[in-house]
Amino acid sequence: MSNYSPGAARLIWALVLLLIILHQDVWFWESDYLVLGIMPIGLFYHACLSMAAGFVWYLATLYAWPLDDITSAKNGGDQ
Amino acid sequence: MISTVVIACYLTLLLALGLSSNRLFSGSGKDYQLATHSIGPFMLLMSLFGTTMTAFALIGSTGEAWQNGIGVYGKMASSSGIIHSLCFFLLGVRLWRFGKEYGYATQIEFFQDRLASPRIGLLLFPILVSMVIVYILAGVLGAGTVVNVFTSGAFPNLFPGNPASPPSVGAVPTWLGSGIICVVVLLYVFFGGMRGTAWANTFQTLVFMVLGVVTFLVIASNLGDGGIWENMRQASEMVGERWKTRTGTSKTVFLTYMFIPLSVGMFPHLFQHWLTARSAEAFKLPVVAHPIFIMLVWVPCIMLGIWATTEMAHAAVPPLGRLDPEVPDSANKVLPMLVKGLSSPILGGFLAAGVLAAIMSSLDSQFLCLGTMFTNNIVKEYFAQGTMSDKQTVFWTRTFIVLVVLITYLFSLLEPRGVFGLGVWCFSGFSSLFPLVFAALYWPRLTRAGAYASIIAAAGTWLWLFLSAWKTGKPLADYLLEVKVGGTVYDFMPVTLMILVSATVLVVVSLLTKPLPEETVRKFFPKRA
């Protein structure tokens, strides 16, 4: 069972929208700064965005999960 | 020769794994096509990730970064991390529930039921099948090329090749490489069905993820004379501004590229994987881990790609310096050259296995999905009066899998290299049907006429834009829409217009036509009807 609540679900969808907006990072478009002297900032930023996406989706599974899991199969785990 | 042995061992191991899954096969059609909804979170994650990642994730991403810089990650990887999970979350979980409740095995069965229209299959079937076949052809041709490149010099007496092109000497020819891969995939899909496919996908996804990281570390440590950290720092400092930034990337193209990953919402092979889930809970891990997995595979490849442009890499691997970005297919040689130049033949063999794993983990699902669609949506629907025994279902699915493999392999012998340019068009076509699946799940007012009109509008817009691209005579993948606003011209991906048209037509025609019967709507929207 998830902790679904309409308010939390709205917040999650706002965060997903924010991710999509943050994806258009015009602010790092022409920066050639190297993070730790190795990774271009534009790539580092988008790698962080992937991590942030994972976190937002984790929150979504906790607070905005669309189904109560009442239909679990009886036959065990991964096969 | 060592690389060839490693590849052969990998394929044998994969075959053994896929075939051993047959021991759990219950003999029912549902088990063969959907593994009886028994797949748990970890295998679902691996299956979905392996199916959505192709050879492009390893070789193509490195080549694209070598050619155009880091922009490819934002365009194709981080956008997919957000949008793919969104599709799993919004579409996958609901479709799984309806599939389990009403017994669907294919997308067409869902749409037939949702729209109370058995004939919608006649419209959707050719569109979905033709787009999947293009996707498969690209995989089969790519697999042949990988086997050819990594077996170079292994069989000089058997395959003399063209002495004017030294890499071809002793290499397994592409037609044979494609054939070997087709046979391996065919065998484990044929005997293992969906369970064999899920097992093989899990194994293969682990292989290409681990090997991607290992390859990165080995190459980084051999790129210069210092330690790994120092080598990485030196190489990054030498990378030109063009590759470290996105100065060469259009901001509007970057923005509208985000519509392309919506294609996963309508991939028929992904739909079938969604239905294999043991429970709705099983989706949680894939939804969360998918963006992180994408990052783990893509970031090392992008870094290798931009380092390959530097003098440091050219000194370490001289052939890299002679690669011409203007020559077709050069980009796909960057990663194999780095591996051959900076690692051992054993790692070269393992990397080839990793790339083949990425290709095969998509091919297997596509073969099985087409076999299932032909069986359920054509034979069962039109030649068996809607009923089939388990034995007949398994027989026909296997028969069609063999035919699909055979036909696509024969097509691949014609060397239709143009299919690689069709990749983005194929994905755009699937994306243009996203409004249909979204409305089918979330908009009770969707009507039959609205759905038909949307599909026809999507197909018509796709065809019109494709012909426009064809007429330019330039590479199909480079075609962009241009919109002039206040004297400035903005570029957009063609998929933008396709989605806009199909969504608008869907909404307008649905609102203008008679709603579906209440009992049909209530089946999918019990509280709202």
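Scope of this entry: the structure provided in the associated data block. The shown structure was predicted, so the numbers you read here are calculated from the model rather than taken from an experiment.

### Observations regarding the overall build of chain A
Secondary structure assignment for chain A yields two helices and two strands. Within chain A, the proportion of its 79 residues that are buried is 43%. Of the roughly 4100 Å² of accessible surface on chain A, 69% is carried by carbon and sulfur atoms.

### Describing the overall build of chain B
Scanning chain B from N- to C-terminus turns up 23 helices and two strands. Whereas a compact globule of 529 residues would reach a radius of gyration of roughly 24 Å, chain B reaches 23 Å, a difference of no more than 12%. Across the 529 residues in chain B, those meeting the buried criterion constitute 59%. When contacts within chain B are restricted to residue pairs at least 6 apart in sequence, long-range pairs at least 24 apart make up 83% of them. Counting only carbon and sulfur atoms, one obtains 68% of the accessible surface of chain B, whose full area is about 19400 Å². Once the 33 positive and 23 negative side-chain charges of chain B are each reduced to a mean point, those two points are 9 Å apart.

### Looking at the interface of chain A and chain B
Frequently, the measure chosen for interface size is the accessible area removed from exposure when the parts meet. Tallying the contact residues gives 47 residues for chain A and 58 residues for chain B. Linking chain A with chain B are one salt bridge, by the criterion used here. For the salt bridge of B:Arg246 with A:Asp25, the shortest nitrogen-to-oxygen distance reads 2.5 Å. Where chain A packs against chain B, one counts 10 residue pairs in polar contact (both at pLDDT 80 or more). Every element with two or more residues in the side of chain A that touches chain B is listed here: α1 (6-23), β2 (39-40) and α2 (41-63) of chain A.

### Things to note about the packing of aromatic side chains
Residue and element names in this part refer to chain B. Using the criterion set out here, one finds 37 aromatic pairs over all chains in the structure. Look at Tyr104 and Phe110: their rings are 6.0 Å apart centre to centre, the planes differ by 70 degrees, and that puts the pair in the edge-to-face class. For the pair Tyr104 and Phe110, a shared accessibility class is recorded, and that class is buried. Note on Phe267 and Phe430: the rings are 4.9 Å apart at their centroids and 90 degrees apart in plane angle, and the pair reads as edge-to-face. With Phe267 in the loop between α11 (251-256) and α12 (268-275) and Phe430 in helix α19 (residues 419-432), this residue pair connects regions lying 163 residues apart in the sequence. Like Phe430, Phe267 is buried.

### Here's the deal with the pattern of salt bridges
Residue and element names in this part refer to chain B. Under the criterion given, the structure shown has seven salt bridges over all chains. Close ionic contact of Arg233 with Glu237 constitutes a salt bridge, the shortest N to O distance being 2.7 Å. Separated by four residues within a single helix, Arg233 and Glu237 lie in helix α9 (residues 228-238), roughly one turn from each other. Judged by relative accessible area, which is 25%, Arg233 ranks as partly exposed.

### What about the nonpolar core?
Counting residues in each nonpolar core, the largest one holds 192 residues, and the members touching the most others are B:Phe110, B:Phe111, B:Trp298, B:Trp307 and B:Met360. Take this core: its biggest share by element is 18 residues, from helix α8 (residues 174-222) of chain B.

### Notes on the packing of helix α5 (residues 71-102) of chain B against α12(B)
Residue and element names in this part refer to chain B. Running from N to C, α5 and α12 cross one another at 65 degrees; their axes reach a closest spacing of 8 Å. The hand of the α5/α12 crossing is right-handed. Side by side, α5 and α12 meet where Cys87, Phe88, Leu91, Gly92, Leu95, Trp96 and Gly99 of the first sit next to Leu270, Phe271, Trp274 and Leu275 of the second. For the contact of α5 with α12, the residue count by class is nine nonpolar, two polar and no charged.

### A word on the environment of B:Val379
Residue and element names in this part refer to chain B. Tracing the chain through its elements places Val379 in helix α17 (residues 345-383). Its relative accessible area of 9% is what places Val379 among the buried residues. The spatial distance from the C-alpha of Val379 to the C-alpha of Asn332 is 41 Å, given a sequence separation of 47 residues. Setting aside anything within four residues of it in sequence, one finds Val379 in contact with Phe374, Ala384, Met388, Trp396 and Phe400.

Criteria and thresholds
- Residues numbered from 1 in each chain as written.
- Chains lettered and ligands numbered in written order.
- Predicted model: local features only at pLDDT ≥ 70, side-chain atom pairs only at ≥ 80, totals over all residues.
- Heavy atoms only, no water.
- Helix = DSSP H or I, 4+ residues; strand = E, 2+ residues; numbered from the N terminus.
- Buried < 20%, exposed > 50% of the residue type's maximum accessible area, 1.4 Å probe, protein only.
- Areas by Shrake-Rupley, 256 points an atom, 1.4 Å probe, with all protein chains shown as cover.
- Rg over C-alpha atoms; globule rule 2.2 N^0.38 Å.
- Contact = heavy atoms within 4.5 Å.
- Lys, Arg positive; Asp, Glu negative; His and termini not counted.
- Charge placed at Lys NZ, Arg CZ, Asp CG, Glu CD.
- Salt bridge = Lys/Arg side-chain N within 4 Å of Asp/Glu carboxyl O.
- Polar contact = N/O pair within 3.5 Å; in protein donor to acceptor, adjacent residues only side chain to side chain.
- Phe/Tyr/Trp six-rings, centres within 6.5 Å; stacked < 30°, edge-to-face > 60°.
- Core = buried A, V, L, I, M, F, W, Y, C linked by side-chain atoms within 4.5 Å.
- Axes fitted to C-alpha atoms, helices over the stretch in contact; angles between N-to-C directions.
- Left-handed = near helix turned anticlockwise from the far one by under 90°.
- Nonpolar A, V, L, I, M, F, W, Y, C, P; charged D, E, K, R; others polar.

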